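Overview (structure and organization)
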Amino acid sequence: MGILQKRLKKASEFFNSIIEKPLLTSTIVLVFVTILVLALSMPYYVKDFDSFIPQVLAEAHGMIFDIAVIGILIFWLNKNGETRQRIRTYKDEIDDFRLWESEEAAFRTVGNIKRLNRHKIHEINLVNCYLPRTNLNYVNLTGSNLNSANISQSSLIESNLESARLNQTNFENSNLNQANLRSAYASGANFKDAFLIKAYFENAFLIKANFCNAFLMEADLKGCYLMGADFENASLYKADLRGAKGLTVEQLSKVKTLYLARFDDEILEQLKTNVPELVGA
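Predicted model only: the values in this text are computed from it and were never measured.

As for the packing of aromatic side chains
Applying the stated criterion across every chain, the model contains 10 aromatic pairs. With a centroid separation of 5.9 Å and an interplanar angle of 20°, the aromatic rings of Y237 and Y259 are classed as stacked. Taken together, the positions of Y237 in the loop between α4 (103-118) and α5 (249-252) and Y259 in the loop between α5 and α6 (265-274) put the pair 22 residues apart, joining distant regions of the chain. For Y259, a relative accessible area of 34% puts it in the partly exposed group. Taken together, the ring pairs connect F171, F191, F201, F211 and F231 into an aromatic cluster.

Some details on the side chain of S235
As for its placement among the helices and strands, S235 is situated in the loop between α4 and α5. With sequence-adjacent residues up to four places away left out, S235 is seen in contact with A214, F215, L216, M217, K256 and T257.

Comments concerning the environment of L241
You can see L241 is positioned in the loop between α4 and α5. Take L241: its relative accessible area is 2%, and that puts it in the buried class. With 26 residues separating them along the chain, L241 and I267 place their C-alpha atoms 9.8 Å apart. When near neighbours in sequence (up to four residues on either side) are disregarded, L241 contacts L221, L226, L236, L247, R262 and F263.

A look at a nonpolar patch on the surface
Residues V29, F32, V33, L36, V37 and L40 make up a contiguous nonpolar surface patch of roughly 570 Å² in combined accessible area. Structurally, V33 is set in helix α2 (residues 22-47). What makes V33 partly exposed here is its relative accessible area of 40%.

What counts and what doesn't
- Residues numbered from 1 in each chain as written.
- Predicted model: local features only at pLDDT ≥ 70, side-chain atom pairs only at ≥ 80, totals over all residues.
- Heavy atoms only, no water.
- Phe/Tyr/Trp six-rings, centres within 6.5 Å; stacked < 30°, edge-to-face > 60°.
- Helix = DSSP H or I, 4+ residues; strand = E, 2+ residues; numbered from the N terminus.
- Buried < 20%, exposed > 50% of the residue type's maximum accessible area, 1.4 Å probe, protein only.
- Contact = heavy atoms within 4.5 Å.
- Patch = residues over 30% accessible without salt bridge, like charges linked within 9 Å, V, L, I, M, F, W, Y side chains within 5 Å.
- Areas by Shrake-Rupley, 256 points an atom, 1.4 Å probe, with all protein chains shown as cover.
- Salt bridge = Lys/Arg side-chain N within 4 Å of Asp/Glu carboxyl O.

These figures come from the coordinates and say nothing about function on their own.
Written out as structure tokens, the structure reads:
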């Protein structure tokens, strides 16, 4: 009984060692199937060889087609799988660096943002991310969540932040010239000392946003929600504020200049009456 058990154990170990080697297993299966098929086909080779060959060739053509289709499919699936894995890795790294206030975390997060953009991914979770003094020029963050992120002293020239969530986000002293912030949710956002020349804010929610000392020359603020927004010492030269909601003369009386800025007729008349020096200066 002991000898039988030993032999069974050895046989089991041998079998497992074969199974653990995919290439060897595949070769053994191929050899076995080849022998079986040739053995079963032998009578047809002998009796009807002339008609058997065309059938084999027809099957061979079908096999080539199957291999081509399956090969392309496997390649496509592998490529997609690798891409999805890379995207997941980039997002995981952003999560790892979240709340880590260091220069390394900032630059590595920006690198992951740009890699995700190359994969056509623009809706990115950047809540509470630390990104000061970084280069985010031309990035696409449409629909992204940047609530409470620190992006101060950074460059976001022509960046796309359309419909992004920017509530309590810090853009202090950053350059957002010609940036697209249309329909963005930026309540309580800090744009103090920021460059927003020709920035597009159309229909954005800018409730209680801080624009102190900001440069908003030729900025598009049409249809924005500006209740409680602070424009103290801001430059609104040629800015377009037509259709802005919640905008008051009191807010605008604190700005640096409103020269050539555009307003609804009602607001414009009040400005000419109360602060004519700002409108004509």
